[in-house]
Each structure stands twice: as structure tokens, then as C-alpha cells.
Amino acid sequence: MKKKTLDQSAYGGVPGSKYIPYLGSHDGLGGSPLIMIFGAVLAVIFAASTAYSGMKAGLTVSAGIPGAILGSGLVAAFAKKKGILGVNLIQGMSSGGEAIASGMIYVLPSIVLIGRKISFTYGFLVGVTAVAFAIGVSNIVFNYLIITQHGTLKYPESMAIAETLVASEAGGESLKMMGVGFGIGGILTFFTTQFMGWCNSMIEFSSKKFYKWDMSTEVNPMLLGIGFIIGINISIIMISGTIFAQFAVAPLLSYFIGMSGDSFKVWNDASIQLNQAGTDVVIGAYLKYIGAGMMLGGGIIGALKLIPAIKQSISETLKARKSSNGDNGDKFSSMLLLLGAVLILVVSFFFAKYNIMIALIGGLLSIILSFLFVIVSARMAGLIGASNNPVSGMTIASMVILTLIFAIYGWSDNDHVQILLTFGVFIVTAISVGSGYMQTQKVSFVIGGNKNEMTKYYLIAGIIGTIVVVGTMILLEPQLRITGSNPPFGLPQANLIAALTQGIMSNKLPWVMVIAGVILSIVFFMLGVPVMAFALGFYLPASTTSIIFIGAVVRYFVEKVTKDKETSKHRISSGISMSSGLVAGSSIIGLIGIFLHVFGVIKDKTLTGFVASNEMAWVLLVIMLVAVLIPLFRIHGPQANSGENK
């Protein structure tokens, strides 16, 4: 008989082989054509919105909890067969679409940044191969990580998703708040330059004289929602990086650049005289490379810190014994692993233009690195959750190894760099899927879902997500190529990977800036500052980090103003649901708007007068904050079902 709550044994205290799931002993499956359709729709939504938000801000939002909330609402409203098993599959497919985007945004746009075009065929093959490979490897270690280590590896996000599934069965506030957030985000985005272009959404301040600086804030509901979700601690570190970059380093660079002679030009643009360069040029041509160096240093530090975890993961996995019920899963995973390995080698032959050495060395090394880091990634999800998984560190370490191998063999022209980046797409996608998939399977284990059914649904979501992400990036190529101090898409990770690989190959980077960034990352690490969060704030446009910070301040304000602890807890819980809606609504409407602009359906407008002013953007900001705060302060006590545990 089904329990009313998720009891303590779900968190540990009993061996995994003796754990009784939430639904008890049963043989039922949750899948159906309608569940597949619901899951596919949410996989599309979360893949597109994650790709958009990730390329714009370098940050992504886990889709497990919002997928569970939306899935519960869809099943309650439309499905004849009710039940938590179907909702579980829907949240798994939501996570699958998001995991693909969270991985691909790291490297795939780098191909555009080096001046090449993304091929849909190759992008799709590499993405699907990475999904199959990651699922196959993860299934090999499933019994050990999920069953043997039950209670030892906590899988904190998995437990939050499971609690949300259980709570959402009765319906409640969460779905409503997501809908409110989606509406606010979509409507505000519709009016701005991202869609109809009826009003300015950028607040800008600058000084062009003695102490040169630039500061701006984009009134963007998506970024506000991300700030609310990540909270004040991380946001303060990010905005500190922005302040350090915009108000200390940029003015210093501008000061010394102004002393240069008339014959000196900007290093990557000979048409600009160095002593005449504005702050936008200083930021784009110099400051960003210090930030790239900081992210590189942070990634290397993160990779070095993973060495004990790598040793422990591999050692314990090799020693682990298969549980009695793992044979079918292991056979299925072995087939997927073989399929992944064969596909990546075939694809590598195509990209290598029949260069057997590149195919063999690059393909084999990609498989080895991916195998290693998928296992580590799946285990790290059990320790800190998929959202906090150090994907960047593992990706940077892999890319440095691959790039050095390519440089040693002399494979250094743009064709070879594109091949190298393609291998990188495979690696980072596999790493991201490894943690997301294992996190989803932990939810299924706790609830009582069927492992192989979840594998099938997750794989389908991965295929759908790959199509959406690759297609989105191809359509957005013109916007992705735009650079400068405040581009449409910040692409922090992709810019780092492109700069890193091209710099090692050609030795044409401003290495002093990059090395200075690496040294700064070491200093901040020694001071105990989270390097990647600070580096992200340093690198991203101030317009992005400042609105993220405002979102975090909104959450902090709600927490401090609400004196009753239970009411505060439910307001923050509802705020996280609303923020997920803000991210989804703003990014989806913004993405549609960009597509309509690209295809000429909507023409770009030149704003004049009040609607083009800072004052208009301030009005928009006030409207957005009021629209977010009013629903939260209407919550005065414990709701029947907020369900989010973050």
C-alpha cells in the first residue's frame, strides 16, 4: 500500500537492497503515449530555456523540481491514468532535456566563435552518442552508487525532487506560482527589445573621462529568477567579481592604455588606435581575457581537487559487486556503451577527414576521458547534486589534455581546432548527462519506478534535447557571433574553451592577461573565495550579474521581512517555483522573439524619447519587482503543498 509521506529510510538507515520504495512492492509501469508526449514537450521547453539562459548568463537551473511540479499538473488535468510513476517519468525527461543543454552550451558555441558553422548532422550525432555513452557507463555503476551506497551517497537534489513528487500528488501552490512566474516573465519580455521592442530594458551609467567605468543593469525576468534561486551568498561573490572588474581593473587598464603612443593598435583589431579605445574595447579585448584566465585557473583548481574523488570512485566501483537484480540493466548498459563508442569513432572519422591518427587518438582519448569523468560526475551528483557538479573543471581538464595532444602532433589549423572542439562537445555532454541521469535514477529508486523504463524515457529526452539545442544554436549563430562589452549572449564557458584551444594552438592570445587571471584565481583560492563564482562575475557583462544580484536581494528581503519561520519557508519555496516560471517564461518568449527577428517577421525598432530612456527601464524594473513581491507576500502561512526543498 502506498505511504502518505516519504519516510526516513529513503534517506538511509537500511541497506539499499532492503529499502522499500514509497510505492512499496509493485510491478506497475508509469509510461503511456500521453506521458511520453508530456515528457517530450517539457524536454523541449527545458532544453531550449536552459540553452538560452546558459548562453546568456553562464548559469543553468535544474529542471527536476519544476518538471515534477508541471508533470503533476499535466497528469492531474489530462491523464486518465493518474499516479506518481507517470509524473516521475515526466520529471526525468525534463531533466534529460536540461542536462543536454547544460553540457552542450560549454563547448558547441565555440565552433561559431572560431569562425566556423555548426553542422546539424554532426552536432546531432555527437550529442546522441554522448547521451547513449553516458547512460551506458552510468548503468554499469548503477547498482553500486544507488543500491550499495544508499544512505552514504545522499543525492540531495534527488531527495528534493522525490519530496516534490510526493507532495505534488495532492496539487497545491507550486504549480500556481510557476504559472504566475511564467506569465510575468513572458509578458515583460514580450514588451522589451527581445521581442516587440516597445520599451528599453537597459539601465546604463558610465564615466568616459578621468576614472573610466561602465555599469548597466538589464531588466530581465529570467536573470532575476536565477538570482532568486541561487541566493544571496553566491550572488554577492558574483557581483563582487563584477565590481572588481568594472570599477578597479577596467579603469586601470584604460588609464595605462591612454598613455600609449599613436602607433599602437588594439591587439586583435588593427583599425582601432590603442590610446583611443573606449571602455567597451578595453573590456572586450583585454578585461575578458583576465576573466578567462580566472575561469581557467578555477577549472584547473577544481580538477585537481577532484583527484581524490576520481581515485575513490574508480577504486570502489571496480571492487563493487553486482546486486542480484542488476543483470538486465548491465546488459542494456553494455549495449549502449558499445553503441556510444562505435558512434563516436565513426563520427570522429568524418570530422578527421579520413585522418586515421586523429580519429584513433582523438576518439580513443575522448572515450577514456568521458568514461572516467562520467563515473566521477555520477558520484558527485550523490554528494552535492547535479546543479553543483564541477562540470567546468572536468571539461577544462579534458580540453587541456586534448589540446596539448593536438598541438604536439601539429594538428593546429582551424579544421583541426573544429575537430578538437567536436570531441569536447562529446566529453562535456557525457559528463553533464552522467550526473543528471544518475540523479534521476535515484529519484526513481526512492519512489519505486522501473529502472529500465526510466532509461528508455531519459534516452528519448536526450535525443529530443539534442535536436532542440543544436537547432537553437544554428538559428542563433548571427547573435552568437556578436562580441563587445555587452553582447546578446555572454557565452562565458564557450569563449573560454575557444580562447584556450586557439591560444594553445596559435600562441596569439594576450597571454599576459590570461596568466594574470590564473594568478588572481590562485590568490582568491588561497583567500577562500569560490573562484568560479567570482570569475563568472568578473567575466560576464555587468548588466547580467547586477540583475542576478537584485533577484538574490529580493529573496533575502523576503526572508528578513517575514518573521514567522514557517511562513518564510513557504514564501521562499513558492518563490523558487515562481522563479522557475520566470526563467522558463522569459527564456522561451525571448527565444521566440529572436527567431522572429532573425527570420524578419518582426523588424528591429529604433526607440526614441521616454521609451528609450533609463527612466523607462527603471519603470520596468519597479513593475517587475512589484509583480514578483505581491504574490509572495500574499502567502501568510503553510500551504498545502509547496513541495520544493532546495
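About the criteria used
- Residues numbered from 1 in each chain as written.
- Predicted model: local features only at pLDDT ≥ 70, side-chain atom pairs only at ≥ 80, totals over all residues.
- Heavy atoms only, no water.
- Pairing = 2+ DSSP bridges.
- Helix = DSSP H or I, 4+ residues; strand = E, 2+ residues; numbered from the N terminus.
- Axes fitted to C-alpha atoms, helices over the stretch in contact; angles between N-to-C directions.
- Parallel < 35°, antiparallel > 145°, perpendicular 65-115°, else oblique.
- Left-handed = near helix turned anticlockwise from the far one by under 90°.
- Contact = heavy atoms within 4.5 Å.
- Nonpolar A, V, L, I, M, F, W, Y, C, P; charged D, E, K, R; others polar.
- Buried < 20%, exposed > 50% of the residue type's maximum accessible area, 1.4 Å probe, protein only.
- Polar contact = N/O pair within 3.5 Å; in protein donor to acceptor, adjacent residues only side chain to side chain.
- Phe/Tyr/Trp six-rings, centres within 6.5 Å; stacked < 30°, edge-to-face > 60°.
- Patch = residues over 30% accessible without salt bridge, like charges linked within 9 Å, V, L, I, M, F, W, Y side chains within 5 Å.
- Areas by Shrake-Rupley, 256 points an atom, 1.4 Å probe, with all protein chains shown as cover.
- Salt bridge = Lys/Arg side-chain N within 4 Å of Asp/Glu carboxyl O.
- Core = buried A, V, L, I, M, F, W, Y, C linked by side-chain atoms within 4.5 Å.

Trainee: Whenever I open this one, the pairing of strand S1 (residues 202-207) confuses me. Can you help?
Mentor: The side chains of a regular strand alternate between the sheet's two faces. Sheet topology note: the S1/strand S2 (residues 213-218) ladder contains 6 bridges and is antiparallel. In the sheet register, Met202 faces S2, and the bridge partner there is Glu218. The turn linking S1 back onto S2 is made up of 5 residues.

Trainee: Mind showing me how you'd approach the packing of helix H13 (residues 391-409) against helix H14 (residues 414-447) here?
Mentor: Describing two packed helices takes the angle between their axes plus the distance from one axis to the other. One way to put it is that H13 packs onto H14 with a least axis distance of 10 Å and a crossing angle of 150°. By the angle between their axes, H13 is roughly antiparallel relative to H14. As H13 runs across H14, the sense of the crossing is right-handed. Here Val391, Met394, Thr395, Ser398, Met399, Leu402, Thr403 and Phe406 of H13 come into contact with H14, specifically with His416, Ile419, Leu420, Leu421, Phe423, Gly424, Ile427, Val428 and Ile431. Of the residues contributing to the contact of H13 with H14, the split by class is 12 nonpolar, 5 polar and no charged.

Trainee: Any chance you could explain the side chain of Ser546 here in plain terms?
Mentor: Considering the arrangement of structural elements, one finds Ser546 in helix H20 (residues 542-561). Judged by its relative accessible area of 6%, Ser546 is buried. There is a polar contact of 2.9 Å between the side chain of Ser546 and the side chain of Thr217. Apart from residues no more than four positions distant in its own chain, Ser546 is found in contact with Met215, Ser216, Thr217 and Ile239.

Trainee: When you look at the packing of aromatic side chains in this model, what are you seeing that I'm missing?
Mentor: The geometry of an aromatic ring pair comes down to the distance between the two centres and the angle between the two planes. In total, this model carries 19 aromatic pairs according to the counting rule given. Between the aromatic rings of Phe38 and Phe78, the centroid separation amounts to 6.2 Å while the plane-to-plane angle is 50°, which identifies the pairing as tilted. Of this pair, Phe38 sits in helix H1 (residues 33-57) while Phe78 sits in helix H2 (residues 64-78), and the two are 40 residues apart along the sequence. With a relative accessible area of 58%, Phe78 lands in the exposed category. Among the aromatic residues, those joined into a cluster by ring pairs are Phe244, Phe524, Phe534 and Phe538.

Trainee: Would you take a moment to explain a nonpolar patch on the surface for this structure?
Mentor: Taken together, the side chains of Ile515, Ile519, Ile522, Val523, Phe525, Met526 and Leu527 define a hydrophobic patch exposed on the protein surface, amounting to about 700 Å² of accessible area. Along the chain, the position of Phe525 falls in helix H18 (residues 511-526).

Trainee: How do you make sense of the nonpolar core when you look at a structure like this?
Mentor: Where a protein is soluble and globular, its nonpolar side chains tend to be buried together. Formed by 187 residues in total, the largest nonpolar core has its most connected members in Ile447 and Met473. No other element matches H14, which puts 18 residues into this core. Contact partners of Met473, with chain neighbours within four places excluded, come to Met55, Met104, Ile105, Leu108, Pro109, Ile118 and Leu480.

Trainee: How do you make sense of the pattern of salt bridges when you look at a structure like this?
Mentor: When the charged atoms of two side chains lie near each other, side chains of opposite charge can form a pair. Following the criterion strictly, the structure yields 4 salt bridges and no others. Residue Glu477 is joined to Lys117 by a salt bridge in which the shortest nitrogen-to-oxygen separation is 3.3 Å. Here Glu477 is found in helix H16 (residues 477-480), whereas its partner Lys117 is found in the loop between helix H3 (84-113) and helix H4 (120-140), with 360 residues between them in sequence. Take Glu477: its relative accessible area is 4%, and that puts it in the buried class. Arg481 serves as the salt-bridge partner of Glu477, at 3.3 Å between the closest nitrogen and oxygen. Its relative accessible area of 34% is what places Arg481 among the partly exposed residues. Three or more residues joined by partner-sharing salt bridges are found here, namely Lys117, Glu477 and Arg481.

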